[in-house]
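Results of the structural survey
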Amino acid sequence: MDPHDDLEEYLRGDSALSRQYRRDAAAATPHALDRRVLGAARVAQGGRPAYLAPLAFAASVLLSVALVLAIVFGPQRTKRAEPAPHVVHAAARVMDAARVRAPSVWLADIASLRRAGRTQEADTELLRFRSTYPNYPITENALATGVIVDNE
Amino acid sequence: MDAPDEDARLMLRYREGDGHAFAALYARHKDPLYRYLLRQVRNAGAAADLFQEVWSRLVATRARYEPRAKFATYLFHIAHNCSIDFFRRNRHAARSHHADVHSPEPEVPEYQRPDGMAEFVEQQSALLAALGDLPHEQREAFLLHEETGLTIDEIARVMDVPVETAKSRLRYAIRKLKKSLLPAPLPDARPLRTRTI
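Residue positions are given per chain, counting from 1 as you read along its sequence in written order. Written order decides the labels, with chains lettered from A and ligands numbered from 1. Residue-level local features of this predicted model are given only where pLDDT is at least 70; pairs of side-chain atoms are given and counted only at 80 or more, and the full residue set underlies all totals for whole chains, interfaces and linings. Hydrogens and waters are ignored; side-chain quantities use all the structure's heavy atoms.

Observations concerning the interface of chain B and chain A
As a reminder, the rule being used: Any pair of residues with heavy atoms lying within 4.5 Å of one another is described as a contacting pair. Here the buried area means the combined drop in accessible surface, using a 1.4 Å probe, for two parts upon being joined, counting both sides. Salt bridges are defined by distance alone: a side-chain nitrogen of Lys or Arg within 4 Å of a carboxyl oxygen of Asp or Glu. Any pair of N or O atoms that falls within 3.5 Å is considered a polar contact. Within protein, one atom must be able to donate a hydrogen and the other to accept it, and sequence-neighbouring residues count only if both atoms are side-chain atoms. A run of DSSP states H or I qualifies as a helix once it reaches four residues; a run of E qualifies as a strand once it reaches two. Both are numbered from the N-terminal end. The classification used treats Ala, Val, Leu, Ile, Met, Phe, Trp, Tyr, Cys and Pro as nonpolar, Asp, Glu, Lys and Arg as charged, and all other residues, Gly among them, as polar.
In this assembly, 38 residues from chain B lie in contact with 29 residues from chain A. For the pairing of chain B and chain A, the buried interface totals around 2900 Å² over both sides, and the portion due to carbon and sulfur atoms is 65%. Between chain B and chain A we count three salt bridges in total. Two residues, Lys30 of chain B and Asp34 of chain A, come together in a salt bridge whose shortest N-O distance is 2.9 Å. Taken together, chain B and chain A are joined by 11 residue pairs in polar contact (both at pLDDT 80 or more). For the side of chain B that touches chain A, the element with the most residues is helix α2 (residues 19–41) of chain B, which contributes 10 residues. Residues of the side of chain B that touches chain A, tallied by class, amount to 20 nonpolar, five polar and 13 charged.

Right, dumping it as structure tokens:
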């Protein structure tokens, strides 16, 4: 028999060989495998497999208990955790320093106050400026005219 | 490929994040894939491992999927690669894998010996026994056609071989398997056991 003819006959479909194979080969995927593959695909996609639901419930119960404990015992712990006064003052000084304007900006503000006729406020600001920057060279003419030369 | 087939459309939906599309794809291909792997490695445990590996690879590479060919070609190409890796991991099987199609029947690999076959409980017909005796390249060509309906060209693409090689493997498989369809001799008649009271 010519094997080429065998192949052609077989490829036409519905050969005796194919029919027999379909009768004999009936193995199906075990359900355990279905669960594993579909579960893994869900996890890969960001979902949670069904068997994690009880764990999620237990985790939420634990979280609730922890919140209740924090509310009941929380204030004492907060009091104990308050920083010492000297630490607070040091922090305040750092904050004030951060709020201090740069000399050129501060002097420009003073000049603006003078030009606006708010002389008293301008003088107060100038005193604060000199206490903050005692060595900063500044001329009265500059303060009067508002032309500030930045000496920084 | 002109337009994506239904499977390819499902795979594209899955690529975009539709989990139901994956479940549908899985349902359509799981049994042919499982039988292909089971008959290739002839060990239920190994087939189960490979089965999971194939789907894992599909899941892992879903973002790169493009419908360039029939989806079954894509899926079974992954399966083919997984089974090749499996055979390479098995020293005896590797010898069989590289055997020429004209070579005599290969030595039975260790994982196919009776102790490794404990889980392979499906009743073996003469045809399935003959299928198991084929060199696995021939067996694979036959399984790809039977389980997925792939054409010779598509089988060649899955197996990474020239079309003529795929055709040759399928031809030899058919010749050998057809012999198993010949009627077996009738078993000897056994005398009836009689009981006297």
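This is not the end of the story, as more comes after the structure.
What to know about the pattern of salt bridges
For clarity, the cut-off: Buried means the residue's accessible area, taken with a 1.4 Å probe over protein chains only, is under 20% of the maximum for its type, while exposed means over 50%, and partly exposed covers the values in between.
Applying the stated criterion across every chain, the model contains 16 salt bridges over all chains. Residue Arg13 of chain B pairs with Asp18 of chain B through a salt bridge whose shortest N-O separation is 2.8 Å. A relative accessible area of 22% means that Asp18 of chain B is categorised as partly exposed. Within the structure, one salt-bridge network assembled from shared partners comprises Asp6 and Glu9 of chain A together with Lys178 of chain B.

With respect to unusual backbone geometry
All names here are of chain B. With phi around 55 degrees, Arg42 is a residue other than glycine that occupies positive phi space. Tracing the backbone shows Arg42 in the loop between α2 and α3 (44–60). In the Ramachandran plot, Asp160 falls in the positive-phi region, its phi being about 55 degrees despite a non-glycine side chain. Its place among the elements puts Asp160 in the loop between α8 (152–159) and α9 (163–180). Owing to a relative accessible area of 53%, Asp160 belongs among the exposed residues under this scheme.

A word on the packing of helix α3 (residues 31–44) of chain A against α3 of chain B
Convention followed: For helices, the fitted line uses only the C-alpha atoms of the stretch in contact; every axis is such a line through C-alpha atoms, and the angle between N-to-C directions lies from 0 to 180 degrees. Note that the term roughly parallel is reserved for angles under 35 degrees, roughly antiparallel for angles over 145, roughly perpendicular for angles of 65 to 115, and oblique for everything else. Crossing handedness is read from the near helix: turned anticlockwise from the far helix by less than a right angle, it gives a left-handed crossing, and turned clockwise, a right-handed one.
Running from N to C, α3 of chain A and α3 of chain B cross one another at 25 degrees; their axes reach a closest spacing of 10 Å. Between α3 of chain A and α3 of chain B, the interaxial angle falls into the category roughly parallel. As for the relative orientation of α3 of chain A and α3 of chain B, their crossing is right-handed in sense. Contacts between α3 of chain A and α3 of chain B involve Leu33, Arg36, Val37, Ala41 and Ala44 of chain A from the first element and Ala48, Phe51, Gln52, Trp55 and Val59 of chain B from the second.

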